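These are the residues of each chain, in order.
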Amino acid sequence: DYYDDNKRLKEQLGELYTQVVDYDKIKRENEQLRQVIGLKEQFPDYVFSPPCAIIARTTNDPFGSFIIDKGSNDDISQYDPVMTADGLVGVVVKVSKTYSRVQTILSPDVPVGAYCIRTKDTGVVEGSIDLAETGLCKMKYIDRKSDIKKGDIIVSSGNSGLFPVDRIIGTVEDIAVEDSGLSLYANIKPLVDSKSISNVFVITSFNGQGEGYE
């Protein structure tokens, strides 16, 4: 009797565990779909892949690249931009049928044309190994006479054709003069902490994609 009761209880616990896992999965999917709907209302030209879960992170990569559970079977292509509802995360750099590798904007291999919302000053945001350790990236080529300040919001300019225009990148942490003395640079704190997120969206199509002039 004890054996049978124990076996039955284990089966019941297994069923309850499965129900809890399924409930959490459905809850996450519903939240992600609500975010997609909100983004589609705000940016009707965007075409999104299904919501993507981060299934692995690249070992020893200081720039925080990761693997998502969607690929070419979901219309994802190399160089598609990756984001969350809060802002830009990075770009797809390698695609398989069922998964993709994403490199973040902390990497020097992912430059983003950008501008400051308040001052309209333009520049290029890219990472470096030194800044990546503190979760920052750098906006270069800012006009020497710029009034850009700490706390200013930096967004994508869309001039490369790789990223859609006006997606939030982050905020200015500090400003300094380049060694050449010809321009300023600003250290940028990305709005999205790519090392702590678990889900992202891939934009598979948007107005201006592939039509950059830089």
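Our structure is the block above this text.
Described in the following lines is the structure provided in the data block.

Criteria and cut-off values
- Residues numbered from 1 in each chain as written.
- Predicted model: local features only at pLDDT ≥ 70, side-chain atom pairs only at ≥ 80, totals over all residues.
- Heavy atoms only, no water.
- Helix = DSSP H or I, 4+ residues; strand = E, 2+ residues; numbered from the N terminus.
- Buried < 20%, exposed > 50% of the residue type's maximum accessible area, 1.4 Å probe, protein only.
- Polar contact = N/O pair within 3.5 Å; in protein donor to acceptor, adjacent residues only side chain to side chain.
- Salt bridge = Lys/Arg side-chain N within 4 Å of Asp/Glu carboxyl O.
- Phe/Tyr/Trp six-rings, centres within 6.5 Å; stacked < 30°, edge-to-face > 60°.
- Lys NZ or Arg CZ within 6 Å of the ring centre and 35° of its normal.

## A few points about the side chain of Ser157
In this structure, Ser157 sits in the loop between strand E10 (153–156) and strand E11 (168–177). Here Ser157 falls in the buried class, since its relative accessible area comes to 19%. Reaching out from Ser157, the side chain makes a polar contact with the backbone nitrogen of Ala114 at a distance of 3.5 Å. Within the structure, Ser157 has its side chain in polar contact with the side chain of Asn159 (distance 3.1 Å).

## Thoughts on the pattern of salt bridges
For the structure on display, the rule yields five salt bridges. Among the ionic pairs, Arg118 bridges to Asp147, the shortest N-O distance being 3.2 Å. Taken together, the residues span a long stretch of sequence, with Arg118 in the loop between strand E7 (112–116) and strand E8 (122–126) and Asp147 in the loop between strand E9 (137–143) and E10 at a distance of 29 residues. Accessibility expressed as a relative area gives 41% for Asp147, which makes it partly exposed. A salt bridge links Glu178 to Lys138; the shortest N-O distance between them is 3.8 Å.

## Re the packing of aromatic side chains
Inspection of every chain in the model, using the stated rule, returns two aromatic pairs. A cation sits over an aromatic face here: Lys138 above Tyr185, 4.3 Å from the ring centre.

By themselves these figures say nothing about function.
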